[in-house]
Amino acid sequence: MNESVTVISSEYILSAVNRKQYPVEQLPQIAFIGRSNVGKSSLINSLLHRKNLARTSQTPGKTQTINFYKVDLKINRTPDIERRSFYCVDLPGYGYAKTSKANRAEWSKFIDQYFTENDQLLFTCLLIDIRHPPMTSDLAMFNRLVERGVPVLPVATKSDKLGPTAQQTQLALIKQTFNIPELDVLPYSSTKNEGRSDLLDVIANSLLQ
Ligand SMILES: Nc1nc2c(ncn2[C@@H]2O[C@H](COP(=O)(O)OP(=O)(O)O)[C@@H](O)[C@H]2O)c(=O)[nH]1
Ligand SMILES: [Mg+2]
């Protein structure tokens, strides 16, 4: 069997601070969101096999932007080989302890603008650090997405930090907190690229539908 998904190319397109600045070209979108430091930039770099496309560890408090990356995939599903393009959309992180109320409200509006009436959005990866139970802000984000009808794929980052048994315990805990017995949480390690082919498969299936 030769079924695989390959990233042919990826490129940074633009950073937007409002809706008017979103790319003109209409492509399906897959978004990534999570608390700051959850490993979002690392995951995007790992997924796209790029060392430094999404900048890691940006200083908190800097202007928050929505970053669009255009990705071309080769999807090998015997007997067909398909090509598909999409935007990988890097959303600003949440959960800085130091963030003011005003900044939080601003962020909220900004994020809602992205999620509202976005026909191009296929699903959103909600990143949770596998070592910790989801926090209140994660649950709030999850509920916000569900309320807006956005399909969510929970991804447990930094899976290399735990052994197999502890991983299973934490994945179950995430499912329990989000109350999603029917959904799978995808473990991902950006340092080992574990979970990469699974995530590419989910993306490919979604693009082919
Ligand atoms: N061990 C390990 N460390 C990771 C992983 N992903 C991210 N990190 C580390 O976690 C920190 C935050 O990562 P970053 O990608 O900048 O997080 P972001 O703020 O969500 O974009 C950095 O020090 C990364 O090296 C991972 O899969 N495994
Ligand atoms: Mg980052």
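Our structure's up above, just so we're on the same page.
Residues numbered from 1 in each chain as written. Chains lettered and ligands numbered in written order. Predicted model: local features only at pLDDT ≥ 70, side-chain atom pairs only at ≥ 80, totals over all residues.

(A) Up close: unusual backbone geometry. Here the residue pair threonine 78 and proline 79 is connected by a cis peptide bond, since its omega of 5° sits within 30 degrees of zero. Looking at the secondary structure, you find proline 79 in the loop between β3 (66-77) and β4 (80-90). Unusually for a residue other than glycine, asparagine 179 sits at a positive phi of about 55°. The residue asparagine 179 is located in the loop between α4 (164-178) and β7 (186-187) in this model. Even without a glycine there, the phi angle at asparagine 193 is positive, about 60°. Inspection of the secondary structure assignment puts asparagine 193 in the loop between β7 and α5 (196-208). Residue classification places asparagine 193 among the partly exposed positions, given that 13 C-beta atoms sit within 10 Å. (Helix = DSSP H or I, 4+ residues; strand = E, 2+ residues; numbered from the N terminus. Buried ≥ 20, exposed ≤ 12 C-beta atoms within 10 Å, placed from the backbone.)

(B) α4, seen in detail. Over its 15 residues, α4 runs 21 Å from end to end, which matches the ideal 21 Å to within 8%, given 1.5 Å per residue. Here α4 has its buried residues at Gln170, Leu171, Ile174 and Phe178. The buried side chains of α4 occupy one side of the element, clustering within an arc of 105° when seen end-on. The outward face of α4, more than 90 degrees from its buried face, is lined by the exposed residues Thr165, Gln168, Thr169, Ala172 and Gln176. Buried residues along α4 sit against β5 (121-129), α3 (136-147), β6 (152-157) and β7. Remark: asparagine 179 follows α4 within two positions and exhibits a positive phi of approximately 55°. (Expected span 1.5 Å × (residues − 1). Arc of directions from axis to C-beta. Contact = placed C-beta atoms within 7 Å.)

In short, the description is geometric, and any link to function would need to be established separately.
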